[in-house]
Amino acid sequence: MALKKILIHPDPRLKKVATPVTSVNDELRRLADDMLETMYDAPGIGLAAPQVAVMDRMLVMDCAKEDDATPEPMVLINPEVVWTSDARNVYEEGCLSIPEQYAEVERPAEVEVSWMDLDGKTRRERFDGLWATCVQHEIDHLDGKLFIDYLRPLKRQMITRKMQKLKREMARG
Ligand SMILES: [Zn+2]
């Protein structure tokens with residue numbers, strides 16, 4: 001397994017719509033392993049393939065985040081939201097591509113998602129709480145959408161400017 005470099009906003013690749021996966025092969029399984037390792041190392045609770053510059057519709061997540069919690073790594077290929085609750089929920093969201101910036105985002109409190117797993121089987125599950133927020137945030141990445149796109153333009157621009165500054169500093173080393 002290997003750590004992947006996580007793209008930092010603003011980056012045109014984070015604004016692109018990712019391509020559906022047509023077959024689950026060893027390369028894709030390796031990518032899923034690398035993405036999980038990269039996510040745990042960051043540390044984060046979710047990571048979508050476009051964030052590591054791979055334009056496949058695949059994401060990984062694990063929201064079992066208490067220190068003593070048993071890890072619950074999930075890999076979702078071609079995920080689709082098939083149902084959303086009327087009830088909504090507000091969470092303070094962050095993103096590994098927008099380090100150290102957090103903002104409240106309102107989303108459906110519960111969602112039902114269908115996807116393909118690493119065995120090529122179709123799965124369908126209902127998510128609530130942090131899992132619901134996380135899976136919606138990650139599926140957004142597959143459509144080129146970031147959590148800051150839900151914020152008011154002024155707040156979004158402020159965060160983008162901070163990220164541009166961060167990237168200049170990182171480039172200088
Ligand atoms: Zn994110």
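Residues numbered from 1 in each chain as written. Predicted model: local features only at pLDDT ≥ 70, side-chain atom pairs only at ≥ 80, totals over all residues. Heavy atoms only, no water.

A. Molecular detail of the coordination of the zinc ion. Surrounding the zinc ion are the protein donor atoms Cys95 (SG), His137 (NE2) and His141 (NE2), at 2.1 to 2.3 Å. A relative accessible area of 9% means that Cys95 is categorised as buried. Note on His137: relative accessible area 6%, which makes it buried. (Donors = N, O, S within 2.8 Å, 3.2 Å for Na, K, Ca; no water. Buried < 20%, exposed > 50% of the residue type's maximum accessible area, 1.4 Å probe, protein only.)

B. Looking closely at the pairing of strand S3 (residues 74–84). Of the pairings in the sheet, the one linking strand S2 (residues 58–61) to S3 comprises four bridges and is antiparallel in character. Looking at S3, one finds that Met61 is bridged to Met74. Sheet analysis places S3 next to strand S6 (residues 111–116), joined by five bridges and oriented antiparallel. Across the sheet, the residue bridging to Val81 is Val113, located in S6. (Pairing = 2+ DSSP bridges. Helix = DSSP H or I, 4+ residues; strand = E, 2+ residues; numbered from the N terminus.)

C. Main features of the environment of Asp86. Structurally, the position occupied by Asp86 is in the loop between S3 and strand S4 (88–95). Since its relative accessible area comes to 79%, Asp86 is described here as exposed. When the C-alpha atoms of Asp86 and Glu110 are compared, they prove to be 8.3 Å apart, with 24 residues separating the residues in sequence.

D. Examining the packing of aromatic side chains more closely. Counted under the stated rule, the structure contains two aromatic pairs. A ring pair is formed by Trp115 and Phe127, whose centres lie 6.0 Å apart and whose planes are at 35°; its orientation type is tilted. Here Phe127 lies in strand S7 (residues 122–127) and Trp115 lies in strand S6, a separation of 12 residues in the sequence. You'll find Trp115 and Phe127 in the same group, each marked buried. When the centroid spacing of 6.4 Å and the interplanar angle of 20° are considered together, the rings of Phe127 and Trp131 count as stacked. Per residue, the accessibility class of Phe127 equals that of Trp131, and both read buried. Three or more aromatic residues link up through ring pairs in this structure, and these residues are Trp115, Phe127 and Trp131. (Phe/Tyr/Trp six-rings, centres within 6.5 Å; stacked < 30°, edge-to-face > 60°.)

Shape is all these values report; function is a separate question.
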